[in-house]
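Listed below, chain by chain, are the residues.
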Amino acid sequence: MGDDARQLVLDESGDNVAPSHLDSNTPGASKDAPTTHQALLAWVQQVAELTQPDRVYWVDGSEAENKRLTDELVDAGTLVRLNPEAFPNSFAAFSDPKDVARVEEQTFICSEEKHDAGFTNNWMDPSEMREKLNGLFSGSMRGRTMYVIPFVMGHLEAEDPKFGVEITDSAYVVASMRIMARIGTDVLRKMEELDAFFVPALHSVGAPLAEGEQDVAWPCSDDKWIVHFPEDRSIWSYGSGYGGNALLGKKCYALRIASIMARDEGWLAEHMLILKLTSPEKKDYFVAAAFPSACGKTNLALLDPTIEGWKVETLGDDITWMRFGHNGELRATNPEAGLFGVAPGTGWSTNPNAMRAIAKGNSIFTNVALTDDGGVWWEGMTDEAPAHLTDWLGNEWTPESGRPAAHPNSRFCTPIDQIDMLAEEYHSPDGVPVSAILFGGRRKTTVPLVTQSRDWTNGIFMGSTLSSETTAAAAGQVGVVRRDPMAMLPFMGYDAGDYLRHWITLSGKANQETLPKIFLVNWFRRTADGGFAWPGFGDNSRVLKWVIERIEGTADAVETPIGFVPTGESLDLTGMDMTAADVEAAVHVDPEEWKKELAGIEEWYARFGESLPEDLVAELQTLKERFAAA
Ligand SMILES: Nc1nc2c(ncn2[C@@H]2O[C@H](COP(=O)(O)OP(=O)(O)OP(=O)(O)O)[C@@H](O)[C@H]2O)c(=O)[nH]1
Ligand SMILES: O=C([O-])CC(=O)C(=O)O
Ligand SMILES: [Mn+2]
């Protein structure tokens, strides 16, 4: 089938026209659709019949299409076009105030057997859930356009490309997916060529329009459901337009569904950044790091080192797929094509690389504040706030207002290739060999700045007991300490104990010589006076340097019951006003604090029941013995 087939659903002016089945009520959308992929045709047909959209539109991913869609979104009031001189081809969106983050309480893994979802996931019987969703989606796209977005997570040239098709009734989702993933005609052609399996990912904002009813700028529903069916690897998302709930290639596919594929196929889908570090000796190292949402992945991935001679480049800032290569080394790729970054705290002084990428334009900002000259602003972008803004709720704002101008979970969505420091290896489908894995959380106390695990299994133990204070990235209370294994708590698509066992068995088959070294980090520890014990951001390059020197066997460390921490002198403090004593405080392992921590870990492990791997039970036992002996 030629490329012009697409024209069958467009009239001459490029506007959408209804496919025939919507006129005639007889199944026939397939005859006009621009694909020969039979399973896709059947699914699109089925969804159109269920959701009853006014028209069906196949997304080609072109510039012209994007221009048309963003123009329409501006006319509809969903997007505000920003000042093109400062922010070319960029837009701001403002969500419904009740639709600003992922909704973990409403996120479900509906496996056939409840125990396959595990204790960390919400579960409902799949047939019950299907019935519920069929009810919700029935007619849910009335009055709207149904967009069909073919996409691939990872490289189209990968050995086994991971395809998906998102059907959505939100053009904002189409414009955002175009930034976050590889989408459109090329993907569709490849799917046809391979007659490939694809993850059917169905999304509706859940706000059908009655005849003549005026739309709102951000349609959504109070009733939100983010549902995954592991056995048929499908996704149904209802009621929300927010990133992690609606851009289904991201958390729903590239983590939850992909973690299930990875379990079955022998690889790992992780909530990690990947960076490339080049030493003054011009040796390259690749580091992956898992931190919970809003805990510093994007910032570390785009780090500007404050030490001479070390260079950092980026491969990814949120999701990493890893598999053991032919030589047994762990190789990592980033399946995404864009950044969906937390805006607040991203500024010229903390993250100039992100700021430069954003300044190139082609970005969508959500729930940030608007400046009077058509730009955007958020807390932390500049040291001084502008004298006047329009806040994310559309209200007048001045520095005296006493409330944030941007929502704490406001986001920028920017193409990854706009990052000047993007590593060339980003483009390689084979990925990069990982030398170190960092697990990190946001903890005011207890957890040292950096700790090296004793060995791989001890590192998995660190990952499995990772904890962090909750953030605004998910709806709910902020600042509560919760366990977040490998930063995957909200993203494991199956039983948490099985997930940890998968890490252990998979690596057991790998080349033990080249297994990455595992470290635990905490940029968020506080001192007695309430300030940060470590300045973080660019200075985290000093911790990375120590990590590399530990791998090379050249940096000193002190052994503690939990692992190895830097000596006061072993962290490079050149040019800082920190002392060795400050470092010692930042890495201190306090027995009293750890007594509480051990109790917390025991409580956490108890929740796994039978499914906790034996090796980790043994790790906890050894840790308790080490503290008892200390
Ligand atoms: N104190 C301190 N804050 C940091 C550091 N790195 C990041 N932050 C802050 O943490 C918040 C979130 O950082 P991000 O890098 O966007 O976090 P993320 O893990 O990519 O978040 P998600 O996109 O939700 O997965 C921002 O407000 C940052 O300013 C650090 O080293 N020290
Ligand atoms: O998924 C989202 O909405 C944003 C994100 O990166 C996270 O929460 O980890
Ligand atoms: Mn994230």
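Below: a short report on this structure. (Residues numbered from 1 in each chain as written. Chains lettered and ligands numbered in written order. Predicted model: local features only at pLDDT ≥ 70, side-chain atom pairs only at ≥ 80, totals over all residues. Heavy atoms only, no water.)

Right, let's talk about the overall build of the chain for a bit. Each helix and strand counted, the chain has 18 helices and 31 strands in total. On C-alpha atoms alone, the chain measures out to a radius of gyration of 24 Å, which is about the 25 Å that the 2.2 N^0.38 rule sets for 630 residues. When the backbone C-alpha atoms are referred to their principal axes, the chain occupies close to 80 × 55 × 45 Å. In the chain, of all internal contacts separated by at least 6 residues, the share reaching a separation of at least 24 is 72%. By element, 49% of the accessible surface of the chain is carried by carbon and sulfur atoms, the whole surface being about 24,300 Å². (Helix = DSSP H or I, 4+ residues; strand = E, 2+ residues; numbered from the N terminus. Rg over C-alpha atoms; globule rule 2.2 N^0.38 Å. Contact = heavy atoms within 4.5 Å. Areas by Shrake-Rupley, 256 points an atom, 1.4 Å probe, with all protein chains shown as cover.)

Summarising the metal site, the manganese ion (ligand 3) is bound by the protein donors K251 (NZ), H271 (NE2) and D318 (OD), whose distances to it range over 1.9 to 2.8 Å. Around the manganese ion (ligand 3) sit 6 donor atoms; with metal-centred angles ranging over 60 to 158°, the donor geometry is irregular. Of note, the donors binding the manganese ion (ligand 3) are all from one chain and are spaced K-x19-H-x46-D. One end of the pair, K251, is in helix α10 (residues 249–265); the other, D318, is in the loop between β14 (311–316) and β15 (320–324), with 67 residues separating them in the sequence. For K251, a relative accessible area of 5% gives the class buried. We classify D318 as buried; its relative accessible area is 9%. (Donors = N, O, S within 2.8 Å, 3.2 Å for Na, K, Ca; no water. Tetrahedral: all angles 85-135°; square planar, octahedral: opposite > 155°, others 65-115°. Buried < 20%, exposed > 50% of the residue type's maximum accessible area, 1.4 Å probe, protein only.)

What follows covers the site of ligand 1. Around ligand 1, the structure places 22 residues, and the nearest of them are A294, K297, T298, N299 and R411. A distance of 3.0 Å separates an oxygen atom of ligand 1 from a polar atom in the side chain of N540. For ligand 1, whose accessible area on its own is 660 Å², the fraction buried by protein is 92%. Breaking the shell around ligand 1 down by element, the ones donating at least two residues are α11 (297–301) and β17 (338–342). Tallying contributions element by element places α11 first for the shell around ligand 1, with 3 residues. Class assignment of the residues belonging to the shell around ligand 1 gives a composition of 10 nonpolar, 8 polar and 4 charged. (Near = heavy atom within 4 Å. Polar contact = N/O pair within 3.5 Å; in protein donor to acceptor, adjacent residues only side chain to side chain. Nonpolar A, V, L, I, M, F, W, Y, C, P; charged D, E, K, R; others polar.)

For the rest of this paragraph, the subject is helix α17 (residues 591–606). Under the 1.5 Å per step criterion, the end-to-end length of α17 is 22 Å for 16 residues, consistent within 8% with the ideal 22 Å. For α17, the complete set of buried residues consists of W594, E597, L598, I601, W604 and Y605. For α17, the buried positions fall inside an angular range of 125° around the axis, keeping them on one side. In this structure, α17 carries E592, K595, K596, E603 and A606 as exposed residues pointing more than 90 degrees from its buried face. Residues of α17 that are buried sit in contact with α13 (456–464), β27 (467–469), β28 (481–483) and α18 (614–629). For α17, the N-terminal capping position is held by D590, with its side-chain oxygen 2.8 Å away from the main-chain nitrogen of E592. (Expected span 1.5 Å × (residues − 1). Arc of directions from axis to C-beta.)

On to the site of ligand 2, then. Surrounding ligand 2, one finds R102, Y242, G244, K250, K251, H271, S293, D318, F340, R411 and A473. Within the side chain of K251, a nitrogen or oxygen atom sits 2.6 Å from an oxygen atom of ligand 2. S293 has a polar side-chain atom sitting 2.5 Å from an oxygen atom of ligand 2. In isolation ligand 2 has 260 Å² of accessible area, and contact with the protein removes 98% of it. Of the residues belonging to the shell around ligand 2, the class tally is 3 nonpolar, 3 polar and 5 charged.

Taken in spatial order, the 4 strands make up an open sheet running β11-β15-β16-β24, and their pairing is antiparallel. Here the strands that pair on one side only, and so sit at the sheet edges, are β11 (268–270) and β24 (432–433). Here 2 bridges tie strand β16 (residues 330–333) to β24, and the two strands are oriented antiparallel to one another. Residue pairing for β24: A332 is matched across the bridge by V432. Contacts from α10 reach β11 and β15 within the one sheet, and its direction differs from that of β11 by about 165°. (Pairing = 2+ DSSP bridges. Axes fitted to C-alpha atoms, helices over the stretch in contact; angles between N-to-C directions.)

Time to look at the sheet that holds strand β2 (residues 79–81). With mixed pairing, the 5 strands of this open sheet are ordered in space as β2-β3-β18-β23-β17. The outermost strands of the open sheet, each flanked by one partner alone, are β2 and β17. Strand-to-strand, the axes of this sheet are offset by a mean angle of 20°, without reference to chain direction. As defined by bridge partners, strand β3 (residues 91–93) adjoins strand β18 (residues 364–366) across 3 bridges and the pair is classed as parallel. When the bridges of β18 are listed, A92 appears paired with F365. Lying on the sheet, helix α4 (residues 63–75) is in contact with β2 and β3; it crosses β2 at an angle near 105°.

Moving on to the packing of α13 against helix α14 (residues 496–508). Any two packed helices are characterised by how steeply their axes cross, that is the angle between the axes, and by the distance between the axes. At a closest axis distance of 11 Å, the pairing of α13 and α14 adopts a crossing angle of 160°. Overall, the two elements α13 and α14 adopt an arrangement that is roughly antiparallel. In this structure, the crossing between α13 and α14 has a hand that is right-handed. For the pair α13 and α14, the contacting residues are W456, I460 and S464 in the first and L500, W503, I504 and S507 in the second. Grouping the amino acids of the contact of α13 with α14 by side-chain chemistry returns 5 nonpolar, 2 polar and no charged. (Parallel < 35°, antiparallel > 145°, perpendicular 65-115°, else oblique. Left-handed = near helix turned anticlockwise from the far one by under 90°.)

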